[in-house]
Amino acid sequence: MTVISDASPIVNLARIESLHLLPDLYDTVVLPEAVWQEVVVEGEGQPGAHTVQTAAWAEKQMVINRDLVRALRQDLDAGEAEAIALAVETDEVVLLMDEQEGRETASHFEIPHLGLIGVLIEAKRNGYVEALQPFLTSLKQRAGFWISEQLYERVLRDEGERP
């Protein structure tokens, strides 16, 4: 399966040293140019930048419909706008995006999407991780990733890690 990713899932997985989950789960992770710029160029020296730059599973791709990107930029940042535009242009992909406004826009275009927590759930369900709690806790504490206590508990309960 091919996914198109915004920067947040990549950066946050790198911060918790779990970037390897992306190639475990997906054949190819496509990064629009704006996301590549954010993760690899502007993120040089940061966790994951070199890994993504040299990874066989990460592919930089240009968006064709620049008018759509400009329209989406009214409400979204460059990476989110390009990721959604690229997903519109591509058949049978899943969009990886955490930001609520971007996910709502993806829903408007009927683009299947997952956030970082959804990726971790997939990793558990496919046997790549045994438990979600260490990953969720690490995201909160090490990466500064915001997860409401309600969502944290619901995910653990739904995945059988809480009664």
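To be clear, the structure that these remarks concern was listed above.
Fair warning: this is a prediction, and the values are worked out from it, not measured in the lab.

**Thoughts on helix α7 (residues 100-108)**
The periodicity of an α-helix, 3.6 residues per turn, causes residues three or four places apart in sequence to face the same way.
Here is step 1 of the chain: Those residues of α7 that sit buried are Gly102, Thr105 and Ala106. End-on, the buried residues of α7 take up no more than an arc of 100°, which puts them together on one face. Exposed residues lying more than 90 degrees from the buried face of α7 are Gln100 and His108.
Here is step 2 of the chain: In this fold, the buried residues of α7 make contact with α5 (66-72), α6 (78-89), β4 (94-96) and β5 (113-114).

**Observations concerning the sheet that holds strand β3 (residues 58-61)**
Here is step 1 of the chain: The strand order β3-β2-β1-β4-β5 describes an open sheet built from five strands, whose pairing is parallel. If you trace the sheet from one side to the other, it starts and ends with β3 and β5, each paired once.
Here is step 2 of the chain: Examined bridge by bridge, β4 and β5 share two bridges and lie parallel to one another. Paired with Leu96 across the strands is Leu114, a residue of β5.

**So, the nonpolar core**
Here is step 1 of the chain: Among the nonpolar cores identified, the biggest contains 41 residues, and Leu22, Val52 and Leu136 are the most heavily contacted of them.
Here is step 2 of the chain: Of all elements in the fold, only α1 (7-15), α2 (21-25), β2 (28-32), α3 (33-41), β4, α8 (116-125), α9 (133-141) and α10 (149-158) reach the threshold of two or more residues within this core.
Here is step 3 of the chain: The leading source of residues in this core is α8, at six residues.
Here is step 4 of the chain: Residues contacting Leu22, with those up to four places away along its chain left out, are Ile10, Leu13, Val29, Trp57, Leu96 and Val119.
Here is step 5 of the chain: Ranked by size, the runner-up nonpolar core spans 18 residues in total, among them Val30, Val69, Ala85 and Val93.

**Regarding the layout of surface pockets**
Here is step 1 of the chain: In this structure, the largest pocket encloses a volume near 400 Å³.
Here is step 2 of the chain: Lining the largest pocket are 18 residues, with Asp98, Arg103, Gly115, Ile117 and Leu151 sitting closest to its centre.
Here is step 3 of the chain: Listed by contribution, the elements that provide at least two residues to the lining of the largest pocket are α7, β5, α8 and α10.
Here is step 4 of the chain: In the lining of the largest pocket, the residues fall into ten nonpolar, five polar and three charged.

**Quick look at the side chain of Thr105**
Here is step 1 of the chain: With respect to the helices and strands, the residue Thr105 is situated in helix α7.
Here is step 2 of the chain: With residues near it in sequence (within four places) discarded, Thr105 still touches Leu72, Leu76 and Ile84.

**Thoughts on the environment of Ile16**
Here is step 1 of the chain: The residue Ile16 is located in the loop between α1 and α2 in this model.
Here is step 2 of the chain: For Ile16 and Ala83, which are 67 residues apart along the polypeptide, the C-alpha to C-alpha distance reads 23 Å.
Here is step 3 of the chain: The residues touching Ile16, leaving out its near neighbours within four places in the chain, are Phe135, Ser138, Leu139, Arg142 and Ala143.

**Focus: unusual backbone geometry**
Here is step 1 of the chain: Positioned with a positive phi, Glu92 is a non-glycine residue whose angle comes to about 50°.
Here is step 2 of the chain: Residue placement: Glu92 occurs in the loop between α6 and β4.
Here is step 3 of the chain: Relative accessible area serves as the criterion here: at 79%, Glu92 is assigned to the exposed category.
Here is step 4 of the chain: Located in the positive-phi region is Glu110, a residue other than glycine, with phi close to 60°.
Here is step 5 of the chain: Mapped onto the fold, Glu110 is located in the loop between α7 and β5.

What counts and how
- Residues numbered from 1 in each chain as written.
- Predicted model: local features only at pLDDT ≥ 70, side-chain atom pairs only at ≥ 80, totals over all residues.
- Heavy atoms only, no water.
- Buried < 20%, exposed > 50% of the residue type's maximum accessible area, 1.4 Å probe, protein only.
- Helix = DSSP H or I, 4+ residues; strand = E, 2+ residues; numbered from the N terminus.
- Arc of directions from axis to C-beta.
- Contact = heavy atoms within 4.5 Å.
- Pairing = 2+ DSSP bridges.
- Core = buried A, V, L, I, M, F, W, Y, C linked by side-chain atoms within 4.5 Å.
- 1 Å grid on protein atoms, 1.4 Å probe; cavity = no way out; pocket = protein on both sides within 12 Å on 5 of 7 lines; lining within 4 Å.
- Points joined across faces, edges and corners; volume = space filled by probe spheres on them.
- Nonpolar A, V, L, I, M, F, W, Y, C, P; charged D, E, K, R; others polar.

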